[in-house]
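Listed below, chain by chain, are the residues.
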Amino acid sequence: MEQHEQDQFWMCKALLLAERADSADEVPVGAVVVLNGEVIGEGWNQPISGHDPTAHAEIIALRDAAARIGNYRLVGADLYVTIEPCTMCAGAIVHSRIRRLVYGASEQKAGVVESNCQLFERPWINHRIEVISGVLAETCSIKISAFFQRRRAEKKAAKISLKDEG
Ligand SMILES: [Zn+2]
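Conventions we followed
Residues numbered from 1 in each chain as written. Predicted model: local features only at pLDDT ≥ 70, side-chain atom pairs only at ≥ 80, totals over all residues. Heavy atoms only, no water. Buried < 20%, exposed > 50% of the residue type's maximum accessible area, 1.4 Å probe, protein only. Helix = DSSP H or I, 4+ residues; strand = E, 2+ residues; numbered from the N terminus. Pairing = 2+ DSSP bridges. Axes fitted to C-alpha atoms, helices over the stretch in contact; angles between N-to-C directions. Parallel < 35°, antiparallel > 145°, perpendicular 65-115°, else oblique. Left-handed = near helix turned anticlockwise from the far one by under 90°. Contact = heavy atoms within 4.5 Å. Nonpolar A, V, L, I, M, F, W, Y, C, P; charged D, E, K, R; others polar. Salt bridge = Lys/Arg side-chain N within 4 Å of Asp/Glu carboxyl O.

Draft legend 1. Expanded view of the pairing of strand 1 (residues 30-35). With respect to burial, strand 1 is a largely interior element, 6 of its 6 residues being buried. Of the two faces of strand 1, the one lined by Gly-30, Val-32 and Val-34 and the one lined by Ala-31, Val-33 and Leu-35 are each fully buried. Where strand 1 and strand 2 (residues 38-44) come together, 6 bridges link them in antiparallel fashion. Note that in strand 2 the partner of Leu-35 across the bridge is Glu-38. Following strand 1, the chain reverses through 2 residues before pairing antiparallel with strand 2; Asn-36 in that reversal takes a positive phi of roughly 50°. As judged from the 4 bridges shared by strand 1 and strand 3 (residues 78-83), these two strands associate in the antiparallel manner. Looking at the pairing, Val-34 lines up with Asp-78 of strand 3.

Draft legend 2. How the structure looks around the packing of helix 2 (residues 57-69) against helix 3 (residues 87-95). Contact geometry of helix 2 with helix 3 gives a least axis separation of 9 Å together with a crossing angle of 25°. Taken together, the axis directions place helix 2 and helix 3 in an arrangement best described as roughly parallel. For helix 2 against helix 3, the interelement crossing comes out left-handed. Only Met-88, Cys-89, Ala-92 and Ile-93 of helix 3 make contact with helix 2, whose side of the interface consists of Glu-58, Ile-59 and Leu-62. Here the contact of helix 2 with helix 3 is composed, by residue class, of 6 nonpolar, no polar and 1 charged.

Draft legend 3. Main features of the pattern of salt bridges. For the structure shown, the criterion picks out 9 salt bridges. Arg-99 is the salt-bridge partner of Asp-78, the closest N and O atoms lying 3.0 Å from each other. Of the two residues, Asp-78 is situated in strand 3 and Arg-99 in the loop between helix 3 and strand 4 (100-105); the sequence distance between them amounts to 21 residues. The class for Arg-99 is partly exposed, based on a relative accessible area of 45%. The shortest N-O distance in the salt bridge between Arg-150 and Glu-154 comes to 3.8 Å. Here the residue Arg-150 and the residue Glu-154 both occupy positions in helix 4 (residues 137-165), the gap between them amounting to 4 residues, near one helical turn. Assessed through its relative accessible area of 41%, Glu-154 is described here as partly exposed. Residues joined in a network through salt bridges with shared partners are Asp-7, Asp-78, Arg-99, Arg-100 and Glu-130.

Without other data, these values stay purely geometric and don't point to any function.
See below:
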C-alpha cells in the first residue's frame, strides 16, 4: 500500500472510533496511534462522560499506546485523528515524540496546527513532527457538523416541548 492509501486506511479506523464518541453524545472525534503497521493506541473523545477535561481522543490514544508499549515516548509512531488537534493535544503530541501527525478536517475554532497558529513550527518546540492534513477531510467534518446539527435540533425540540407543557 502506498503512504496515502495507508493514511486513508488508518483514518477510517479513527472514524470508527469517533462513532463511539457519537453514540455517547460526545463530540465525535476519534484517534489511533500506529507503529510499524499496527494499532498500538485507540481513543475517542469522552470528556463529559469521563468527567475529565483532558479526555480528548488524542490524549486517550497516546496514553493507551504508551501503556501498551511501556514507554512514554512513542518514537516512530504516527497519530491519526479525525480533526485538527487543540493546544492541549498538540502539546501532548510533542511530549510523546510522535513522528507523523495525520488529521482529517481542520478546526477553525481550536485547531493550532494550521488554523489558529502553526504551533509545531514555533522555535521553542523541540521536536519536529511531519504533518499531513486533509485525509478524508469531508467525511471527518460531516461527522462533526451532523452531530452539532442533531444537538441543535434536540435543544429546539426540548424548548418546544417545554412551551407546550407551560
Ligand atoms: Zn484536544
